[in-house]
Structures are given as structure tokens and as C-alpha cells.
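Below, each chain spelled out in residue letters.
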Amino acid sequence: METHRYTNSLIHESSPYLLQHAHNPVNWMPWGEAALNRAQAENKLLLISIGYAACHWCHVMEHESFEQEQVAGVMNEHYVCIKVDREERPDVDQVYMTAVQLITQSGGWPLNVVALPDGRPIWGGTYFPAESLIESLRQIASYYRQAPEKTHDYARKLSLGIEQSLIIPADVPDTKITTGKIEAAILQWQSSFDLDEGGKKGAPKFLMPGNLLFQLRWAHQHHDTETEAFVRTSLRKMAFGGIYDQIGGGFSRYSTDSRWKVPHFEKMLYDNGQMLSLYARAFQKFQDPLYRQVVEETVAWLKREMRSPESVFYSSLDADSEGEEGKYYVWEKPKLKDLIGADFQLFEAFYNVNSTGYWEDGKHILLRTETEEEFAANHQVGPDELAGKVRKWNSILLEERSKRIRPALDDKILTSWNALVITGLTDAYRAFGEPEYLSLAIQNAGFISENLLGEKGLLRHSWKDGVCKPEGFLEDAALFIRALIALFEVTGMENYLRQAGELTKTTVSLFYDTDAGFFWYSPAGQGNLISRSMEVYDNVIPSSNSVMAGNLVRLGHLLDEREYLTMAAKMLGKTGDNALEYPSGHSNWLEVALDLWDEQFEVVLTGPGAQQAAAIMQKNYLPNCIFCFGDDDSLPLLKDRIKTGETRIYVCRDNTCLLPVSTPDEAMKLLAISF
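Just so it is clear, the model here is predicted, and its values are computed rather than measured.

## With respect to helix H4 (residues 69-78)
Part 1 of the reasoning: Restricting attention to buried positions, one finds in H4 the residues Val71, Ala72, Val74, Met75, Asn76 and His78.
Part 2 of the reasoning: Those residues of H4 hidden inside the fold are in contact with strand S2 (45-51), helix H3 (56-66), strand S3 (79-85) and helix H6 (130-146).

## Description of the state of the cysteines
Part 1 of the reasoning: Tallied over the full model, the rule gives two disulfides.
Part 2 of the reasoning: Note that Cys55 is cross-linked by a disulfide to Cys58, the S-S spacing being 2.3 Å. The disulfide joining Cys55 to Cys58 has a torsion of about 80 degrees about its S-S bond and is therefore right-handed.
Part 3 of the reasoning: With a relative accessible area of 3%, Cys58 lands in the buried category.

## Notes on the packing of aromatic side chains
Part 1 of the reasoning: A complete count under the given rule lists 28 aromatic pairs for this structure.
Part 2 of the reasoning: Relative to Tyr291, the ring of Tyr279 has its centre 5.7 Å away and its plane inclined at 70 degrees; by these criteria the two rings are edge-to-face. One end of the pair, Tyr279, is in helix H11 (residues 269-286); the other, Tyr291, is in helix H12 (residues 289-306), and 12 residues separate them in sequence. Neither Tyr279 nor Tyr291 differs from the other in exposure class; each is buried.
Part 3 of the reasoning: A network of ring pairs unites the aromatic residues Phe344, Phe347, Phe350, Tyr351, Phe375 and Trp393 as a single cluster.
Part 4 of the reasoning: The ring of Trp28 carries Lys83 above its face, with NZ or CZ at 5.2 Å from the centroid.

## Digging into the pairing of strand S5 (residues 121-125)
Part 1 of the reasoning: Here S5 lies mainly inside the structure; five of its five residues are buried.
Part 2 of the reasoning: Where strand S4 (residues 111-115) and S5 come together, four bridges link them in antiparallel fashion. Paired with Asn112 across the bridge in S5 is Gly125.
Part 3 of the reasoning: Joining the antiparallel neighbours S4 and S5 is a turn of five residues, in which Gly119 adopts a positive phi near 100 degrees.

## Some thoughts on the packing of helix H22 (residues 562-581) against helix H23 (residues 587-597)
Part 1 of the reasoning: Relative to each other, H22 and H23 sit at 130 degrees, their axes nearing to 10 Å. Here H22 lies oblique to H23, going by the angle between them. Regarding H22 and H23, the two cross each other, and that crossing is left-handed. Residues Leu565, Ala568, Ala569, Met571, Leu572, Thr575 and Ala579 of H22 touch H23, and the partners they reach there are Trp589, Leu590, Val592, Ala593, Leu596 and Trp597.
Part 2 of the reasoning: Residues belonging to the contact of H22 with H23 are distributed by class as follows: 12 nonpolar, one polar and no charged.

## Some thoughts on the nonpolar core
Part 1 of the reasoning: Ranked by internal contacts, the top residues of the largest apolar core, which has 163 residues, are Met238 and Tyr279.
Part 2 of the reasoning: At 11 residues, the largest contribution of residues to this core is made by helix H19 (residues 474-491).
Part 3 of the reasoning: Here Met238 is in contact with Leu207, Leu212, Ile243, Tyr244, Phe251, Trp260, Met275, Leu278 and Tyr279, once residues within four sequence places are set aside.
Part 4 of the reasoning: In this structure, Val92, Ala99, Leu111 and Ile162 belong to the second largest nonpolar core, which totals 23 residues.

## Details of unusual backbone geometry
Part 1 of the reasoning: The omega torsion of the bond from Trp109 to Pro110 falls at 5 degrees, within 30 degrees of zero and hence cis.
Part 2 of the reasoning: Relative to the helices and strands, Pro110 is located in the loop between helix H5 (90-104) and S4.
Part 3 of the reasoning: At Glu322, a position not held by glycine, the phi torsion is positive, near 55 degrees.
Part 4 of the reasoning: A relative accessible area of 49% means that Glu322 is categorised as partly exposed.
Part 5 of the reasoning: Located in the positive-phi region is Asp640, a residue other than glycine, with phi close to 65 degrees.

Cut-offs and rules
- Along every chain, residues carry numbers that run from 1 in the direction the sequence is written.
- Residue-level local features of this predicted model are given only where pLDDT is at least 70; pairs of side-chain atoms are given and counted only at 80 or more, and the full residue set underlies all totals for whole chains, interfaces and linings.
- Only heavy atoms go into the side-chain values, all of them from the structure, while hydrogens and water stay out.
- Only protein chains enter the accessibility calculation, which uses a 1.4 Å probe; a residue whose area is less than 20% of its type maximum is buried, one above 50% is exposed, and one in between is partly exposed.
- Here a strand is any run of E in DSSP of at least two residues, a helix any run of H or I of at least four, and the numbering for each starts at the N terminus.
- Contacts were defined at the residue level, with two residues in contact if any of their heavy atoms lie within 4.5 Å.
- Cysteine sulfur atoms that pair up within 2.5 Å are treated as a disulfide.
- Classification of ring pairs rests on two measures: the distance between centres of Phe, Tyr or Trp rings, Trp counted by its six-membered ring, which must be within 6.5 Å, and the angle between planes, read as stacked under 30 degrees, edge-to-face over 60 and tilted in between.
- Look at NZ for Lys and CZ for Arg. If either is within 6 Å of the ring centre and within 35 degrees of the ring normal, a charge sits over the ring.
- Strand pairing is assigned whenever DSSP identifies at least 2 bridges connecting the two strands.
- Helix axes are fitted only over the stretch in contact, all axes being lines through C-alpha atoms; the angle between N-to-C directions runs from 0 to 180 degrees.
- By the definition adopted for this analysis, an angle is roughly parallel if under 35 degrees, roughly antiparallel if over 145, roughly perpendicular if from 65 to 115, and oblique otherwise.
- Crossing chirality is assigned from the near helix's rotation relative to the far helix, an anticlockwise turn below a right angle marking it left-handed and a clockwise turn marking it right-handed.
- Polar here means any residue other than Ala, Val, Leu, Ile, Met, Phe, Trp, Tyr, Cys and Pro, which are nonpolar, and Asp, Glu, Lys and Arg, which are charged; Gly is therefore polar.
- Among the buried residues, those of types Ala, Val, Leu, Ile, Met, Phe, Trp, Tyr and Cys that are joined through side-chain atoms within 4.5 Å form a nonpolar core.

Listed below in C-alpha cells is the structure:
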């Protein structure tokens, strides 16, 4: 049995990230009353260090600083030291990330903050080398002893700034986001488009699925050929680059260069759930086989490497293995020659085992520059023959790679991130009709409903080894409600819609601020933090408020809750100026604007052929349609529209319907009509 010289309070936690630090010489404590009370009792400053399990620089800082006795001695002498898993406590991360951004004008992880015993921050930054950390911590502790009043005054001013940054004031004016204003915003946004490589110009390049999902929809609904071409370039280049695992499927978090070549090799569940949605919807629009391949391979990766025995999905895979970033994923040319054999020359060209794919120290990152069809035509090989060879090559390399030491797995289950996968799988089912995709989504939703829904109807945020914690946040409720609505639209099972409705009522009760017109990120009564926050800006994951606004629109139509439509319009109106000025940080809000103020249809299907007709229609890209089918005439959209033994399809707008038709083709023609 392995013995450890040091063990701290984190040994009792379930988070893999916290457990990584349980044997540091630092006297770490988890976030909570015990640590805050100890700081107050001993009049010690808090040192709050925030990271996550797949964070490369978090590992570097742990090795260089937190494992070192000299550094730990300074930390333990002058501070009560708190370790936080940002994925487990995003509310804590939001407050202290905002503080560091106000102090330094930048942020990231690891995030390290010094705060007063009551939690109000006074200093912070990201990665610090050991010597710099020691010097800074000694100076801050000395200044606090010598000038406590000045320190408290600075903390008061900074905390006021944090509160102002995290809360939407009640007096923000309304701005209606018209399609004309969106068009002007996109013209300005286009100056940042990388037309050659896709994504945002420059490096690093982050996956921003929300931006591309909105751009795809805008281009479709408003015949914007330039934006459409940009989206297609982005989809192609991301799928061809090193950021996509060409052998095993799935995307890494971001590319360190401007060509999607060298990824930061960590794989996050939240990215991949959304990329399923992006490529599935793009396939509906363009029918590009590359997009199908990406979805199939990413689902295969999720099943193979991220799926728990309970049929939900783990959080992330580390960037590092054996202490080296990317070691699990890259290849040396001689080894590839041995594995591939006689086909190596063709393989070498296909996966660019040359200067294009070369990384460093004799290592290559496999990437592509052509589709299989293009490559076959340019290398005088039949398309079917090439496809067979690629499958064989990938199988050989995947088997060989499985013998390597795998990157560490963060095996906690997060409600919000799994909800993104449920939506992604549901979108994939719409596009391809693959029953397994729907089955995986249904199993996942069932686990969350049975294991992460508390007695008060409030979702819990995380689950590991049968233990749930903490109370859920707005992102959990918003993203799971959205996933339930998606499941209802493809299955017609009213229990999903009714559960979404009940969760929405609970969320409004516990999170909604009537004066501001937005939802708090954490529920009423959740303590310990110096400020509650309202998450409004869309990032890699869309903001919880924008997702909630979209839910209110769909439920407003599906459940005939007109108040929900009013709430969503109020939220959008108060976001309007910022959304138009900074569209890349509000892309999901712009989707809500299209839901509310552009052409939006309800497609209502009844009778024995309703589910089959819905499936046929949903294979098309119909981002401005809400589907409702089934035989429960208590649902508002189905009331008085069910006729025994007869399949009817109604195309409606704001509950006003055209005369019913009986086939999907007829309904598709009606959707081209504005009325």
C-alpha cells in the first residue's frame, strides 16, 4: 500500500481534483463554513486556490509549489488555505474570477486569490512560480498585519466592484433586437472571422459551438451566404485539425495555434456535447458526410471512454499522461511505419505525417487536409477502398494507443454537462435517426431525474459514488430543462414536457429576481459567498440566463404560458445593447431574439402517423420550429386537434394554424409560407 508523508482535510472529499491535493504538505481545507470559521477565529487571511482536474497548469503549479515544503510552510503559517474544484463549485469560481479580472484585467486557471477572513478578496492572479508565490504571500501577510484598516478598505471597494459586475441592475433600459440590428452586428462581427481557417482570428483558437450554432441559423433563415461559408470553413477545419482526435473521436478544449493543429489535449464533456449538436444540425442543413463522421466518432468516444456504469458521462480527460502533455495522443514516425506496414505511404499522406503534422521532439499530431473523397481522387485510389483502409488504420492505432497509460479521468457526474450531452444526442437522433443516440439520451435523463433531483424539486449539481453535492445552480436547471424539452419534441412523451414545466416553476421560485428580470446563478439561501451572481455572458457554454430565456420561449408556446414569453422578452430587452455591441459573447441571446422576433413556427402532429411524420420532418434543418405531437389533448397545442384514426399536421404561428395536412411533404411546403 502506498504511504504518504502528508495528508490534509481534502482526503474526505469526492472531487478528483481535490483528492489530487490531499497529500500536499499544504493544510488544504475544502470550501465551506469550517474553513471560513477557522480563518475568523485565528484572524488569518484566506488563500483560495481554484482549478480543475484536467488543467495542465494546475498540475504544474501543484508540483512546483504546493508539493514543496518551503512553499507550504509559508502558506500554512500565514493563511487558511482552501482548495476549490471550479467544476464542483462554479459559484465560488465566478466570484473570485471576477475579482482577479478586476485586479489584473485577465483570468484563467489555476486561479489563486488572497481574501480577508470573511471572504472578501484583496489580491489574486493565475499561475505563479514558487519563488514569486512565496514572496507575494509574505508581503501580503505583512501588509495585512501592519495596515489592517487600509486592507479592509481596499477589500470593501473591490467587493463593491465585484457585486456591480455580477448583478444586473433593475434600471437597465430595454432594447428590442430586430433582425436589421442583428445584421449590422454580424457585419461588424465578421471582421474577427478567420475566413481561411475558421473560428476567431489568431491564437489560441477555442471551440465556440454557440457562436457557430447561431451563425448557422442566421445564415439559413436570412440567406447570408458569407456567414454560411464561414461556418462551413470552421466545421471543416476543426474536423481536420489536431484539435479533433482523428483516431478516437472527440474534441480537445482548444488549439494553441491559429490552425487548429496543436491542441491543449484535455477533453471536456461540455465541449463535446455541444459539438454533437453543432455537427448534427450542420448535417441537417448541408448533408455533408464529414459531419456525420464527426458525430459517429464522437459518440463512439463518449461510449468508450466517458460513459459510467450508470449510463451517464464523466467530466473530463486530462491533457497529461505520465507527466507529459499530449503523450497519449501523438506518434513517432518509425512506430507508425511498423504499425501500418505496406500502406504507410498512403497513410502518411492522408494523416500528414510530415512537416504539416510535425509537432516537437520527433512527435507528430495526426491531422487531415482533405475529405476522403478529395484524397481518393487525388491519390488514384477508389473511395470505398480508401474508406476501408482508413477504418483499418484507425482500428490498429486505437488498439495500440489503448496499451498506453491513459490520461487521468475526472469521474464526477455533473448535471449541467450531462444535459448538454442529452441535447447533443437528441440533435444527433433528429439528424440521423439512429435509435442508440436516443436510447443514450433517455438513459442519461432518467439517471439525473432519479438521482440528482432533490426533495424540493431542485436539481443537485454533481454526483460521485452515490453522493450528491452541492445544491444545483441555474446552469443545471436551465440546461436540463432544455434537454427535457428536446426529448419531448422527438418522442412526444408528455412526461418530459411536464417535468420541464415543473422544474421551470421551481427555478422561477428559487432563482428569479423580479426587479432585475433575471435569474440568480445560485438559489435563494445559499450562503458563504460575498455576492450572488447573475450569469449573462455566453461563453463556450451559453449563459444560464440565455438558456433559461430560450426555455421560457419554448414552454410559453408548448404550455401556453404567456407570462413566460413576457419574462423572456424582458430578459432579452435588457441584454439588447450588449448583445448587439458584443455578439460573440451573446450568441445564444441572439438565438432567443430569433425565437421571439423572427419567424417561429409550431408544428403540431396528431394521429397514428404523428411520430413517424415528426421524425421525417425533423431530419431537415428547422431551427425556427417547435414540435409537439402525441395523443394527450390536455396539452394546449393538441387540444381540439386530435381526430381518431387520422394523421394531421398543423403548421402554426403563435397558436394560429393553417388548415391541417396529412403528409410531411405538404407540411414542409407550408413552412415556406409567412402568415
